[in-house]
Amino acid sequence: MNGIDDLRRTLETHADDVLDVAAIDRGTGIQRRIRTTRRRRTAVAGATAAVVAGTALAAFLPGDTGPDAAGPTVFGIDIPAEIDSLGFTYDYADHVRGEERAALELEASDEPRLVSWGTSTDDDRVTIVVGAGGEKRVVDGADFTDWTYVAPGDALRVTARVGTGDVALAAFTLGDGRPEGVTAGGVTFRDTRAGAPLLGAAIGEPGQAEVVVEPSGRAAEVFYTYYCTGGPANAWLHVALDTGELLSGGCNDASVPLDPAAQGGASQVAGPRQDLTTRFYVTEGEDGPLVEDDDLRIGLGLYAEPEPRDLGAGIELPERVEHDGHAFELVETASPDLGPGGAVVAVPDLGGRTLALIAYTRADESRITYEVDGDDSSSVSYVGAGTFTADLPAGAKEIALVRLGGAPVPDDAAAGFGFYVRAD
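Figured I'd write up the structure that's included with this text.

### Some thoughts on the overall build of the chain
For the chain, the count of helices and strands is 2 helices and 32 strands. Expressed as a percentage of contacts within the chain between residues at least 6 apart in sequence, the contacts between residues at least 24 apart total 77%. When the accessible surface of the chain is summed, it comes to about 19000 Å², and 48% of that surface belongs to carbon and sulfur atoms.

### Observations regarding the state of the cysteines
Cysteine pairs can be linked by a disulfide, which is a covalent bond between their two sulfur atoms. For the structure shown, the criterion picks out 1 disulfide. Bridging C228 to C251, the disulfide has an S-S length of 1.9 Å. Residues C228 and C251 are joined by a disulfide whose S-S torsion is about -95 degrees; by sign, that bridge is left-handed. Residue C228 is located in strand β16 (residues 221-229), and its partner C251 is located in the loop between β18 (244-250) and β19 (266-269); the two are separated by 23 residues in the primary sequence. Judged by its relative accessible area of 1%, C228 falls in the buried class.

### Considering the pattern of salt bridges
Taken as a whole and assessed by the stated rule, the structure comprises 13 salt bridges. Between D146 and R353 there is a salt bridge whose closest N-O contact spans 2.8 Å. In this pair, D146 sits in the loop between β8 (136-140) and β9 (147-150) while R353 sits in the loop between β26 (342-346) and β27 (354-361), placing the two residues 207 residues apart along the sequence. Given the relative accessible area of 7%, D146 is considered buried. Judged by its relative accessible area of 12%, R353 is buried. Where R422 meets D146, a salt bridge forms, and the shortest distance between an N and an O atom there is 3.5 Å. Remark: D146 occurs in the loop between β8 and β9 and R422 occurs in strand β32 (residues 414-422); sequence separation between them is 276 residues.

Rules behind the numbers
Here the residue numbers are simple positions, counted from 1 along each chain's written sequence. Side-chain atom pairs in this predicted model are given and counted only at pLDDT of 80 or more, local residue features only at pLDDT of at least 70, and totals for whole chains, interfaces and linings cover all residues. The basis for the side-chain values is all heavy atoms of the structure; hydrogens and waters are excluded. Runs of H or I in DSSP of at least four residues are treated as helices and runs of E of at least two as strands, each being numbered from the N terminus. Note on contacts: a residue pair is in contact if any heavy atoms of the two residues lie within 4.5 Å. Residue-level accessible areas treat just the shown protein chains as cover; the underlying method is Shrake-Rupley with a 1.4 Å probe. Disulfide: a pair of cysteine sulfur atoms within 2.5 Å of each other. Throughout this description, buried means an accessible area under 20% of the type-specific maximum (1.4 Å probe, protein chains only), exposed means over 50%, and partly exposed covers the range between. Basic side-chain nitrogens of Lys or Arg form a salt bridge, by our definition, when they fall within 4 Å of a carboxyl oxygen of Asp or Glu.

What follows is the structure in structure tokens.
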């Protein structure tokens, strides 16, 4: 340890290790619209701090539970009664508050949730951690206008810390509202994904082992998103055009998704006259007959893949992305030389939460990762080529591609950085 800051960070890390429980946090993307939000900050911060009496854990306070028409009030600010995310509504459920630190316990759930936050002072910088060992996210923005997405899964704890004053965390559970699109059996293939239209979708009935999607439109490149869960252990999925299979593999999704487009998929370039009719079917083993199992659930959606921004040298970045409960749009790019040790780019000041996509190619056997302000905590690395997604902490100054090992970076390797701001 080199000083009091190191000691403080160490104590905070161990505190989370003791308090948090096991969690599953699978990121995804949703847009947001907050309704009935009114800011009414008043001079109550000092009194609030006295009430909680310095406790390290969040405290439920009388008078702060249960939403009214505009949501409950904390720190003189109305918590939204409802958040609308990509057409999926999330309703206020509960909130906790504490002096400098709050902890929100979430029970196990088979539905997604959102967690938002606010502070008792004009300093809106908050450190959020979702689940045991989760990545620390430093965020800075107006109270209860930002949030993190919590995927379905086991019970977990969400914690928030501020430098001074009190902090509150609010939980929102899935409501009844659904976006326009194809909906059945609790699943929705929404009309748009990252600004691109749905071309067609099919949702099978329980036990149905085959569906066919006949798209109503065309695209130069098609994004295929699908799910397959239930059925026997040897169930094998196939996604095929009349020209052959596009995708195949195990039918092993953990659960039926609410929003399959948010879970990712695969892209395929389409010919100008190519028949895009797509068959999705599940067999017993790779070459067996169709599965007969009432627990089997499958679905397939086809979206147009938007034209990316071409940075040259084989680097392309999407104009819009969805990440951690938000939609982002590309506003600035950089194409530095990728030298033997990597490349460094200054983070632009874009006036809000910023997402970075960092792509590189033709690095042969070089193993590459990324760092933010010299922090090498990223656990993701690729060999030869890849794209990283970095949810940049508030106040970040620079981001770098860094060679971890393998062969030296070749002279013809290329890199591109894209900086995105919230578009919701």
